[in-house]
Structures are given as structure tokens and as C-alpha cells.
Amino acid sequence: MGSRIYFDHSATTPLDPRVFVLMEPYLLDDFGNPSSLHREGRKAREAVETARAQVAALFGAAPSEIVFTGSGTEADNLAILGSIRAGTGSAHIVTSSIEHAGVLEPCRFLERFGVKVDYLPVDSYGLVDPENLRRALRPETRLVSIMAANNVVGTLQPIAELARIAKQHGALFHTDAVQAAGKMRLDVNELPADLISLSAHKLHGPKGVGALYVRDGVELNPIVLGGGQERGLRSATENVAGIVGFGAAAALAREEMEEEARDLVRLREYLLARLRATMPHAYLIGHPVKRLPGHLCLGFAGQEGEVLQLLTALDEAGVAVSSGSACSAHHAGAPSEILLAMGFDSQRAKGSLRVTLGRFSTESEVNRFLEILPRALAAPGLAAARDDSPRNVELSVAQARN
Ligand code: PLP
């Protein structure tokens with residue numbers, strides 16, 4: 001027995017108690033509106049500006065380049081809709097086929113108004129080939145949007161190279177770094193990105209607050225119009241406590257990221273090694289090395305179709321993990337578009353188990369998980385495991401290559 005094991009940090013992370021204590025005053029005593037001129041308002045304004053500097057410092061940006069939004073999704077929408085609306089004439093976007101819905105949906109929306117969009121394919125690891133980007137660029141390409149890290153399979157894209165190609169061509173480069181921020185070093189002085197989306201709740205901050213980095217000089221049109229807050233790019237009274245929490249979470253991430261990432265990689269590799277030793281039909285999905293530190297996406301040969309029963313059995317046994325992304329939980333049972341794009345057949349594409357570790361995950365939790373998992377896989381209703389999977393062969397090839 002014991003407390004529950006939360007291994008779904010790519011869906012959301014628990015608020016760090018050190019963040020919570022800094023937010024609390026702004027929910028109670030210091031409740032002013034940052035646009036008010038009185039003392040209460042000035043105090044709130046000061047808190048928002050401190051947080052802006054903290055978020056900017058996470059990737060070497062200037063505070064004036066940070067626009068707070070209501071979520072990572074909104075940051076993605078502002079980057080895509082805002083940059084296309086700011087231009088004139090025909091527009092072309094290049095993105096990938098495995099982006100988050102926060103990127104894909106605004107692209108599809110723009111297609112209805114005549115904007116051309118190319119969705120780049122990915123390989124079996126979920127990687128975009130920079131040569132494919134080069135080939136897709138056209139004279140009218142205004143924006144390239146490729147995520148830094150994929151939420152479902154954990155694969156890291158070669159964004160520095162992709163950004164350089166986009167910039168050489170004269171296009172804007174946006175990256176959805178919602179999963180990557182706070183887990184790997186991103187520095188706008190080295191990475192030539194124009195727009196970067198972030199979300200506080202993926203780095204032990206609160207839900208309902210995000211940010212868009214907008215490189216100095218990049219023109220955007222707002223998508224939320226009103227009182228002109230956030231330099232006119234995102235009208236609405238600021239979520240002061242949320243923004244304070246985002247700033248505090250970013251400051252902690254900046255300080256602790258390197259050590260935390262090292263610990264998470266160690267724990268991830270330990271889990272994977274134990275799985276391989278004890279469960280030969282388990283296989284890793286996504287890139288073995290170019291992946292988020294605490295992220296594992298697993299398949300179980302012969303049992304891919306039963307992932308929902310597996311999730312239920314694990315949940316009942318005290319373990320929270322997910323299949324694919326939380327945002328697509330309502331499409332449960334359908335094959336994952338991302339795995340299909342990676343070349344999986346529709347049966348195998350149903351079957352991923354996403355196990356994502358976080359700041360407070362421990363080795364003893366991993367050990368308990370390793371005891372619970374085989375029992376959950378053997379639960380009545382789940383097909384017998386097979387270990388004759390062709391993916392296993394692919395996996396060993398992948399390992400040999402790296
Ligand atoms: N982009 C990626 C890659 C994500 O994983 C998520 C959340 O799952 C988002 C965007 C959306 O962020 P938010 O939940 O803040 O809207």
C-alpha cells in the first residue's frame with residue numbers, strides 16, 4: 001500500500017509549495033488591478049513585472065519580449081494567428097504533422113481563409129528532417145512552427161537547425177516549448193526563434209497562465225482585443241497570482257533545471273532498464289536519446305489495443321499515467337494521430353502508455369510502479385503479452401544506432 005504515484009507530468013505538474021507561498025498574498029491581501037494607479041494597483045504591477053523578468057531570464061530574453069497569456073494554447077494561437085494577421089498578401093505556413101492542437105487548429109482555421117499550410121512528415125522517432133523544411137519553404141512562407149519537444153512521445157526536435165533554416169529564408173520561426181521549457185536549456189541568444197510558447201503548469205507553476213516570447217521587432221496582431229494590456233497584444237486584467245506563480249516557477253526551474261534533468265534522466269533510464277530486463281514485450285516509442293528527461297512512451301507488443309483497460313487497472317492500483325495526451329483523452333480508444341504520423345499501423349497506434357516523471361518523483365515510486373505494472377498488464381480482459389513484435393526488432397536497431 002502507500003500513497004498514489006503520479007507519473008503524468010506531461011499532462012500537468014503539481015504546484016511547487018515554494019511557488020504557492022509566493023502566490024498566496026496576491027490572492028488575498030494584494031488583490032489590486034495592475035492597471036490601477038493607487039498603491040494596491042502599483043503593488044500588483046510590480047509583482048507582474050518581477051514575474052516578467054523571471055520568465056524572460058529562463059531563456060535569456062528581455063522582459064519586454066514576454067507577453068503573458070491565459071495558457072500555452074493561447075500563446076500558440078497568438079503566435080500563429082497574430083503573425084499571419086500582421087502581414088499582407090498571400091501567406092504560407094510550414095508546421096509539422098505532430099504538433100499540439102494549440103498549433104494545428106489555428107493552422108487549420110487559417111486554411112479556411114486561404115492560407116496555405118504544409119504539415120511536414122516525421123520519421124519513426126517523431127523527428128522532423130531539416131531537409132524537408134528546406135524543400136517546403138516558398139517565397140511567401142511567413143511562418144515556420146515546429147515544437148521543441150513532443151508531448152506524447154517526448155522526442156526533441158532539432159529546433160536550432162530548423163530555426164536557422166527558417167531565418168535564412170526570411171520566415172518567422174515559432175516553437176511551442178510548452179513541454180521543453182524548464183527541462184532543457186533554451187537561450188534566445190543562441191536559438192534564432194522569433195516566437196516561443198510557454199505554459200506555467202508544466203513546470204510546477206499554476207494552471208491558466210502562459211506566455212509568448214516575442215522577439216524585439218517582430219510584429220503581431222492581437223487575438224484578444226480590449227483594454228490594451230500586455231502592450232496591446234493580450235487585453236484582459238492580468239491573472240496576477242498566476243503570473244507571480246509563473247515567475248516563481250521559472251526562477252526555480254532556472255536554478256534547478258540542470259540537476260533536476262540529470263536526476264530525471266537517471267530515473268527514466270533506470271525504469272527503462274528494469275522494464276527491458278523483466279518485460280521483453282515492452283518497447284520504447286520515440287527517440288531513445290533525443291527525448292525529454294522524465295518522459296517515457298511505451299508500447300506492449302500484443303496488448304496495444306487494451307491500453308484503456310491498462311490505464312484503468314493502473315489507476316485502481318494507485319498509479320496515474322496516461323495514454324497519449326490529456327488533451328485528447330476524450331478521443332480515447334482511437335489511434336493516435338502522432339503515432340500514425342510516425343508510421344505505426346492503426347492497431348499499434350492505439351497502444352501507447354505515457355509515463356512522465358517529475359520534480360518530486362522518487363526511485364521508490366519507480367520500484368512500486370515496476371511491481372504494479374506487470375500485475376496490471378495481467379489483469380483479466382487484457383490480451384496475453386506477445387514478445388514476437390517487429391517493433392522490438394526496430395527498437396534494437398534504434399539502440400544500436402545510438
Ligand atoms: N503545447 C504542448 C506541446 C502541450 O503539451 C500543451 C499541453 O498539454 C499545450 C501546448 C497547451 O498548454 P495549456 O495546457 O497551457 O493550454
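In the block above lies the structure referred to throughout.
Peer 1: Give a detailed account of the overall build of the protein chain, specifying residues and quantitative values.
Peer 2: Looking only at helices and strands, the protein chain has 11 helices and 12 strands in total. The C-alpha radius of gyration computed for the protein chain amounts to 22 Å, which stays within 12% of the reference 21 Å derived for 402 residues, consistent with globular compactness. Taking the principal axes of its C-alpha atoms as reference, the protein chain extends roughly 65 × 55 × 35 Å. Here the protein chain, with 402 residues, has 56% of them falling under the buried criterion. Across the protein chain, every contact between residues at least 6 apart in sequence was considered, and the portion connecting residues at least 24 apart equals 74%. Per element, the accessible surface of the protein chain, about 16900 Å² overall, is 54% carbon and sulfur. Across the protein chain, 41 positive and 47 negative side-chain charges occur, with their mean positions spaced 2 Å apart.

Peer 1: Break down the pattern of salt bridges for me, with residues and values.
Peer 2: According to the stated counting rule, one finds 22 salt bridges in the structure shown. Between Arg18 and Asp16 there is a salt bridge, with the nearest N and O atoms lying 2.9 Å from each other. Of the residues examined, Arg18 reaches a relative accessible area of 39% and is grouped as partly exposed. Residue Arg45 pairs with Glu49 through a salt bridge whose shortest N-O separation is 2.8 Å. In this pair, Arg45 and Glu49 are both assigned in helix α2 (residues 39-57), four residues apart and thus about one turn of the helix distant. Three or more residues are tied together by salt bridges with common partners; here these are Asp16, Arg18, Glu256, Glu260 and Arg359.

Peer 1: Could you give an account of the sheet that holds strand β12 (residues 353-356), with specific residues and numbers?
Peer 2: Strand order across the open sheet formed by three strands is β9-β10-β12, with antiparallel pairing between neighbours. The sheet terminates laterally at β9 (282-284) and β12, the two strands that pair on one side only. Shown here is a sheet whose adjacent strand axes are inclined to one another by a mean of 35 degrees, direction ignored. Alignment of strand β10 (residues 295-300) against β12, held across four bridges, turns out to be antiparallel. Residue pairing for β12: Cys297 is matched across the bridge by Arg354. Taken strand by strand, helix α7 (residues 240-278) contacts β9, β10 and β12, and its axis lies near 15 degrees from that of β10.

Peer 1: Give me the lowdown on the packing of aromatic side chains, citing residues and values where you can.
Peer 2: Applying the stated criterion to the full structure yields four aromatic pairs. An angle of 70 degrees between the planes, with centres 5.6 Å apart, marks the rings of Phe7 and Phe369 as edge-to-face. Of this pair, Phe7 sits in the loop between β1 (5-6) and α1 (17-27) while Phe369 is found in helix α10 (residues 363-377), placing the two residues 362 residues apart along the sequence. For the pair Phe7 and Phe369, a shared accessibility class is recorded, and that class is buried.

Peer 1: So, unusual backbone geometry: which residues are in play, and what are the values?
Peer 2: A positive phi angle, close to 65 degrees, is found at His204, a residue other than glycine. By secondary structure assignment, the location of His204 is in the loop between β7 (195-199) and β8 (210-214). The phi dihedral of Arg231 is positive, around 55 degrees, even though this residue is not glycine. Position of Arg231 among the secondary structure elements: in the loop between β8 and α7.

Peer 1: Explain a nonpolar patch on the surface to me, and be specific about the residues and the numbers.
Peer 2: Together, Leu15, Phe20, Val21 and Leu22 make up a nonpolar patch on the protein surface, roughly 340 Å² of accessible area in all. Note that Leu15 resides in the loop between β1 and α1. A residue is classified by how much of its surface remains accessible, and Leu15, at 32% relative accessible area, is partly exposed.

Cut-offs and rules
Residues numbered from 1 in each chain as written. Predicted model: local features only at pLDDT ≥ 70, side-chain atom pairs only at ≥ 80, totals over all residues. Heavy atoms only, no water. Helix = DSSP H or I, 4+ residues; strand = E, 2+ residues; numbered from the N terminus. Rg over C-alpha atoms; globule rule 2.2 N^0.38 Å. Buried < 20%, exposed > 50% of the residue type's maximum accessible area, 1.4 Å probe, protein only. Contact = heavy atoms within 4.5 Å. Areas by Shrake-Rupley, 256 points an atom, 1.4 Å probe, with all protein chains shown as cover. Lys, Arg positive; Asp, Glu negative; His and termini not counted. Charge placed at Lys NZ, Arg CZ, Asp CG, Glu CD. Salt bridge = Lys/Arg side-chain N within 4 Å of Asp/Glu carboxyl O. Pairing = 2+ DSSP bridges. Axes fitted to C-alpha atoms, helices over the stretch in contact; angles between N-to-C directions. Phe/Tyr/Trp six-rings, centres within 6.5 Å; stacked < 30°, edge-to-face > 60°. Patch = residues over 30% accessible without salt bridge, like charges linked within 9 Å, V, L, I, M, F, W, Y side chains within 5 Å.

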